[in-house]
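Here is how the chains run, residue by residue.
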Amino acid sequence: MNEDYYELLGVSRDASTEEIKKAYRKLARTLHPDVNPDPDAAERFKKVSQAYETLSHEDKRRQYDMGGGPGMGDFPRGGAGFDFNDIFDMFAGASGMRGRNQGPVPRQRRGGDVLRRVKIELRDVVFGTEQQVAFRTAVLCERCSGSCCEPGTSPTRCTACNGSGHVQRVQQSLLGQMVTMAPCPTCEGHGDVIDKPCTGCSGHGRTATERTVTVRIPSGVENGTRIQLRGEGETGEAGGPSGDLYVELSVKSHEMFERDGDDLVTTVAVPMTTAALGATVPLETFDGVQELDIRPGSQPGEEVTLKGLGVTPLRRERRGDIRVVLDVDVPTSLTEQERELLEQFAALRGDEAERRKGHQGGPFAKLRERLQNL
Ligand SMILES: [Zn+2]
Ligand SMILES: [Zn+2]
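Treat the numbers as computed from the prediction; the structure is a model and nothing was measured. (Residues numbered from 1 in each chain as written. Chains lettered and ligands numbered in written order. Predicted model: local features only at pLDDT ≥ 70, side-chain atom pairs only at ≥ 80, totals over all residues. Heavy atoms only, no water.)

### Some remarks on the overall build of the chain
(1) Moving on: The helix and strand tally for the chain stands at nine helices and 15 strands.
(2) Moving on: Of all 374 residues assigned to the chain, the portion counted as buried reaches 35%.
(3) Moving on: Considering only contacts within the chain whose residues lie at least 6 apart along the sequence, 64% involve residues at least 24 apart.
(4) Moving on: For the chain, the accessible surface area stands at approximately 22,700 Å², while carbon and sulfur atoms represent 48% of it. (Helix = DSSP H or I, 4+ residues; strand = E, 2+ residues; numbered from the N terminus. Buried < 20%, exposed > 50% of the residue type's maximum accessible area, 1.4 Å probe, protein only. Contact = heavy atoms within 4.5 Å. Areas by Shrake-Rupley, 256 points an atom, 1.4 Å probe, with all protein chains shown as cover.)

So this is what it looks like as structure tokens:
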């Protein structure tokens, strides 16, 4: 489950960016893999960095606060993701010059996140479903298992920097001799050199391939909902941690039902006579054909409810309803016989209708009364 980013960093929800940065640096100083070899600390450092990554960007933070999840604002398009070296730089910047007390730079980098959009039916929203999601991604190189070296070989200590990953540069200046530290150009700061890069992955520790993942889509999801599958994104470089897979759902519109919260709403046209006399009509639902009771005297726009046949909300058992809005069809053309019958019907109803209007009052009631008494 996702941990709260504010709690991870130990700051309040209204903390300023500066406070967040300070809190992160303090944690990084004790958790960074370069200072703390404990694997638990590395795991925690990753989480804390993720929290920082989101909360330090105004847009991402706003989105997170609104419940949008981590880093949904500008989605990295593979490869980028969370960059270990950015954090390394930041950390180094906080504790002084980069490289002074640091070991070599690890080759491992976290893999990029992957975003896939998936279309689902309204029926899937009602009941939940499973979908196969196929995407192109990076996976661990089988030949070297992420070591980046040809099988049977291993990296050798860099002779240029003695494995430290840094070299000293001595410069003469007006003020005298100046010594600066710089990443070792021979090993690019890694401290070791791969003499025989793996031929399966050209020494990256991962290869590109097509993967298929089964995604469980719970009922009650919304259009635009993103499902996060941790560690199902790209495998990191040199056996680094994997990125995440995000599946964004798009719900196709349904020809009959529209969703309104947990309810499904539809409009059914009934003949004028059915509305007046009442009837039971069949209605196709996601639970099969149901009987819809139309009471005698139903009015246009009146709703008939079928309980418990709507959407099953996320993390709840009780389903919403189906609400059927009645649309009364008034005939647009009549045969002679129909017209006669309707006129007879009107004549029969005429007096009663007049009287009822009179009782109800209204602007014309008095006038009507007077005309009737003439
Ligand atoms: Zn390989
Ligand atoms: Zn070196």
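Having seen the structure, we can now continue with the description.
### Regarding the coordination of the zinc ion (ligand 1)
(1) Moving on: Around the zinc ion (ligand 1), the protein supplies C141 (SG), C144 (SG), C198 (SG) and C201 (SG) as donor atoms, at distances of 2.2 to 2.3 Å.
(2) Moving on: For the zinc ion (ligand 1), the four donor atoms in the first shell make angles of 106 to 115 degrees at the metal, a pattern classed as tetrahedral.
(3) Moving on: Positions of the donor residues of the zinc ion (ligand 1) along the chain correspond to the pattern C-x2-C-x53-C-x2-C. C201 shares its class with C198; the two are buried. (Donors = N, O, S within 2.8 Å, 3.2 Å for Na, K, Ca; no water. Tetrahedral: all angles 85-135°; square planar, octahedral: opposite > 155°, others 65-115°.)

### With respect to the packing of aromatic side chains
(1) Moving on: In total, this model carries five aromatic pairs according to the counting rule given.
(2) Moving on: Here Y5 and Y64 contribute two aromatic rings whose centre-to-centre distance is 4.5 Å and whose plane-to-plane angle is 10 degrees, an arrangement assigned as stacked. A residue pair is termed long-range when its members are at least 10 positions apart, and Y5 in helix α1 (residues 5–9) and Y64 in helix α4 (residues 58–65) qualify at 59 residues.
(3) Moving on: Residue Y5 is classed as buried on the basis of its relative accessible area of 5%.
(4) Moving on: Given the relative accessible area of 15%, Y64 is considered buried.
(5) Moving on: Pairing Y24 with F45 gives two aromatic rings, centres 6.5 Å apart and planes at 20 degrees, and the pair type is stacked. On the criterion of sequence distance, the pair formed by Y24 in helix α2 (residues 17–31) and F45 in helix α3 (residues 39–55) is long-range, its members being 21 residues apart. One exposure class covers both Y24 and F45, and it is buried.
(6) Moving on: One aromatic cluster is present, built from ring pairs that chain together Y5, Y6 and Y64. (Phe/Tyr/Trp six-rings, centres within 6.5 Å; stacked < 30°, edge-to-face > 60°.)

### Thoughts on the layout of surface pockets
(1) Moving on: Considered as a void within the structure, the second largest pocket measures approximately 560 Å³ in volume.
(2) Moving on: Surrounding the second largest pocket, 18 residues form its lining, M272, T273, A276, L342 and F345 being those nearest its centre.
(3) Moving on: For the lining of the second largest pocket, the secondary structure elements donating two or more residues are α7 (272–277), β15 (322–329) and α8 (336–360).
(4) Moving on: Sort the elements by how many residues they give to the lining of the second largest pocket and α7 lands first, with five residues.
(5) Moving on: Broken down by class, the residue content of the lining of the second largest pocket amounts to 11 nonpolar, four polar and three charged. (1 Å grid on protein atoms, 1.4 Å probe; cavity = no way out; pocket = protein on both sides within 12 Å on 5 of 7 lines; lining within 4 Å. Points joined across faces, edges and corners; volume = space filled by probe spheres on them. Nonpolar A, V, L, I, M, F, W, Y, C, P; charged D, E, K, R; others polar.)

### Here's the deal with the coordination of the zinc ion (ligand 2)
(1) Moving on: For the zinc ion (ligand 2), every protein donor is listed as C158 (SG), C161 (SG), C184 (SG) and C187 (SG), and the spread of their distances is 2.2 to 2.3 Å.
(2) Moving on: Viewed at the metal, the four donor atoms of the zinc ion (ligand 2) are separated by angles of 103 to 116 degrees, and the geometry they form is tetrahedral.
(3) Moving on: Look at C187 and you get buried, because its relative accessible area is 3%.

### Here we look at unusual backbone geometry
Most peptide bonds are trans, and most residues other than glycine sit at a negative phi.
(1) Moving on: Despite not being glycine, N162 shows a phi value in the positive range, around 60 degrees.
(2) Moving on: Mapping N162 onto the fold places it in the loop between β3 (156–157) and β4 (166–173).

### Brief notes about the sheet that holds strand β10 (residues 258–260)
(1) Moving on: In space, the four strands of this open sheet follow the order β10-β11-β15-β14, with mixed pairing throughout. Either end of the sheet is taken by a strand with one partner, and the two such strands are β10 and β14 (303–306). Across the sheet, the axes of successive neighbouring strands diverge by a mean angle of 35 degrees, strand direction being ignored.
(2) Moving on: Relative to β15, β14 runs antiparallel, the two being bridged by four bridges. Paired with V304 across the strands is V324, a residue of β15. (Pairing = 2+ DSSP bridges. Axes fitted to C-alpha atoms, helices over the stretch in contact; angles between N-to-C directions.)

### Things to note about a nonpolar patch on the surface
(1) Moving on: Residues L334, L342 and F345 make up a contiguous nonpolar surface patch of roughly 240 Å² in combined accessible area.
(2) Moving on: By the secondary structure assignment, F345 is in helix α8.
(3) Moving on: A relative accessible area of 47% means that F345 is categorised as partly exposed. (Patch = residues over 30% accessible without salt bridge, like charges linked within 9 Å, V, L, I, M, F, W, Y side chains within 5 Å. Salt bridge = Lys/Arg side-chain N within 4 Å of Asp/Glu carboxyl O.)

### Here's the deal with the nonpolar core
(1) Moving on: Grouped together as the largest cluster of nonpolar side chains are 34 residues, with contacts concentrated most on V215, V247, L249, L264, I322 and V324.
(2) Moving on: At four residues, β15 tops the list of elements feeding residues into this core.
(3) Moving on: Residue contributions to this core reach at least three from each of two domains, namely domain 2 (112–146 + 203–252) and domain 3 (258–330).
(4) Moving on: The next biggest cluster of nonpolar side chains, apart from the first, holds 18 residues, and it includes L8, A15, A51 and Y52. (Core = buried A, V, L, I, M, F, W, Y, C linked by side-chain atoms within 4.5 Å. Domains from an automatic or database assignment.)

### A closer look at the UniProt feature "binding site: Zn(2+) 2" (unreviewed entry) in the chain
(1) Moving on: Within this structure's numbering, the places UniProt gives as "binding site: Zn(2+) 2" (unreviewed entry) are C158, C161, C184 and C187. Taken along the chain, the residues just named run across 30 residues; in space they keep tight, none of their C-alpha pairs more than 9.0 Å apart.
(2) Moving on: Within the fold, C158 resides in the loop between β3 and β4.
(3) Moving on: Those residues in contact with C158, other than ones at most four positions away along the chain, are G163, C184, T186, C187, G191, D192 and V193.
(4) Moving on: By secondary structure assignment, the location of C187 is in the loop between β5 (176–183) and β6 (192–193). (UniProt positions renumbered as here; feature names shortened; annotations may be inferred.)

### A word on the pattern of salt bridges
(1) Moving on: Considering all chains together, one arrives at 24 salt bridges under this definition.
(2) Moving on: One salt bridge connects R107 with D192, and the closest N-O pair in it is separated by 2.5 Å. Residue R107 is found in the loop between α5 (84–94) and β1 (114–120), and its partner D192 is found in strand β6; the two are separated by 85 residues along the sequence.
(3) Moving on: Classification of R107 as partly exposed rests on a relative accessible area of 23%.
(4) Moving on: A salt bridge links K252 to E121, with the nearest nitrogen and oxygen atoms 2.9 Å apart.

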